[in-house]
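Observations on the model geometry
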Amino acid sequence: MIFTKTTEEVSKYEHLENMSVHELLININQEDKTVPYAVEKALPQIEALIAQIVAKLKLGGRLFYIGAGTSGRLGIVDASECPPTFGVPFDLVNGIIAGGDSAIRRAVENAEDDDKQAWIDLQSHNIGKNDAVIGIAASGTTPYVIGGLETCNENNIVTGCITCNAGSPLALTAQFPIEVVVGPEFITGSSRMKAGTAQKLVLNMISTAAMIQLGKVKGNKMVDMQLTNTKLVDRGVKMIMGEIPVSYETASDLLKKYGSVRKAVNNYAK
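Here the residue numbering is sequential within each chain, running from 1 through the sequence in written order. Local features in a predicted model are, by the rule used here, given only for residues with pLDDT of at least 70; side-chain atom pairs are given and counted only at 80 or more, and totals for whole chains, interfaces and linings are based on all residues. Excluded from the side-chain calculation are hydrogens and water; included are all heavy atoms of the structure.

A look at the pattern of salt bridges
What counts here: Salt bridges are defined as contacts in which a side-chain nitrogen from Lys or Arg sits within 4 Å of a carboxyl oxygen from Asp or Glu. Under the scheme used here, helices are H or I runs from DSSP no shorter than 4 residues and strands are E runs no shorter than 2 residues, and both carry numbers assigned from the N terminus. For each residue, the accessible area found with a 1.4 Å probe, counting protein chains only, is set against the maximum for its type, and the residue is called buried under 20%, exposed over 50%, and partly exposed in between.
One pass over the full model with this rule turns up seven salt bridges. Of the charged contacts, one joins Lys12 and Glu31 as a salt bridge, the two residues approaching to 3.2 Å between their closest N and O atoms. Residue Lys12 is found in the segment before helix H1 (21–32), and its partner Glu31 is found in helix H1; the two are separated by 19 residues along the sequence. Looking at Lys12, the relative accessible area reads 65%, which means it is exposed. In this structure, Lys116 and Asp115 form a salt bridge, with 3.3 Å as the shortest nitrogen-oxygen distance. Judged by relative accessible area, Asp115 falls into the partly exposed class, the value being 38%. One connected set of salt bridges, linked through shared partners, spans Lys12, Glu31 and Lys194.

Thoughts on the state of the cysteines
How we decide: Disulfides are defined in this document as cysteine sulfur pairs within 2.5 Å.
With the rule as written, the count across this model stands at zero disulfides. Free cysteine Cys152: the closest other cysteine sulfur is in Cys161, separated by 13 Å. Take Cys152: its relative accessible area is 0%, and that puts it in the buried class. In this model Cys164 remains outside any disulfide bridge; the closest cysteine sulfur is found in Cys161, 9.9 Å from its own. On the accessibility criterion, Cys164 (0% relative accessible area) is buried.

Side note on the side chain of Asp131
Applied cut-off: In the analysis that follows, any N or O atom pair within 3.5 Å is treated as a polar contact, provided that within protein one partner can donate a hydrogen and the other can accept it, and provided that, for residues neighboring in sequence, both atoms belong to side chains. Two residues form a contact once any of their heavy atoms are found within 4.5 Å.
With respect to the helices and strands, Asp131 occurs in the loop between helix H5 (117–123) and strand S3 (132–136). One polar contact links the side chain of Asp131 to the main-chain amide nitrogen of Arg62, over a distance of 2.7 Å. Looking at Asp131, its side chain comes within polar contact range of the main-chain nitrogen of Gly128, at 2.9 Å. Those residues in contact with Asp131, other than ones at most four positions away along the chain, are Lys56, Gly61, Arg62, Phe64, Asn126, Ile157 and Val158.

Things to note about the pairing of strand S1 (residues 63–67)
Across a regular strand the side chains alternate sides, sitting on one face of the sheet and then on the other. As a reminder, the rule being used: For two strands to pair, DSSP has to find at least two bridges joining them. Clockwise travel from the first strand over the helix to the second, with the strands pointing away from the viewer, marks a crossover as right-handed.
Burial analysis of S1 places five of its five residues in the buried class, which makes it a mostly covered element. Of the two faces of S1, the one carrying Leu63, Tyr65 and Gly67 and the one carrying Phe64 and Ile66 are both buried. Bridge analysis of S1 against strand S2 (residues 93–97) gives five bridges, and the strand direction is parallel. If you follow Ile66 over to S2, its bridge partner there is Ile96. Viewed along the sheet, the connection from S1 through helix H4 (residues 69–86) into S2 turns out right-handed. As judged from the five bridges shared by S1 and S3, these two strands associate in the parallel manner. Across the sheet, Phe64 pairs through a bridge with Val133, a residue of S3.

Right under this line is the structure:
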């Protein structure tokens, strides 16, 4: 199979600098509309990877995202949202970016070209066979990510990937690849756009579905969320009121006493 980077193909739009803001927005939006359909085609792949992740998490394992640039940052965003949203430990879902934390804000030169560093980074977290690792790379050719997954495979660690090119070296390396083929970007090669959107959508699916499978959602509510600000405390109080017949004041007192919506509801029921 011939590997073609469709994410690097020339944009179907010309002379962007001559477009009005209105025209730019219309055309970018037109391209963005195609992304969910590309994700839809990959749903069987996404489901297969989630099944593996849930199985590992139930064994006490963890989930790791590894990536470079935009892909690495997206993994970090998803990982960082899991503790406040689902009340899980901060080390259950981990985002690792080529070049280290300084690369979150600024690009680190040649960091993505080191095919040995990802495994070194994973070892610093005591990576083991109960864990799962997802490599994120729109191009599907990032050495940092491919090298990391190759070594994980050698150590019997479950590997998956999210890429936006079909038949890429990364997809061929991952045990459970996800290929969301979004085609050329509005700005030629700017994979932070459609490819980045596709990766974010898939990451939303992976973490959300996994956490629901682990029992971190009740009904449709984030009953284990961390109460880190006034808005979330108010939301928690109203969740309690929706579950048990109490006033706002009583629900607020229960939340303060027990520290979480789930515990407040469960202890009141007793």
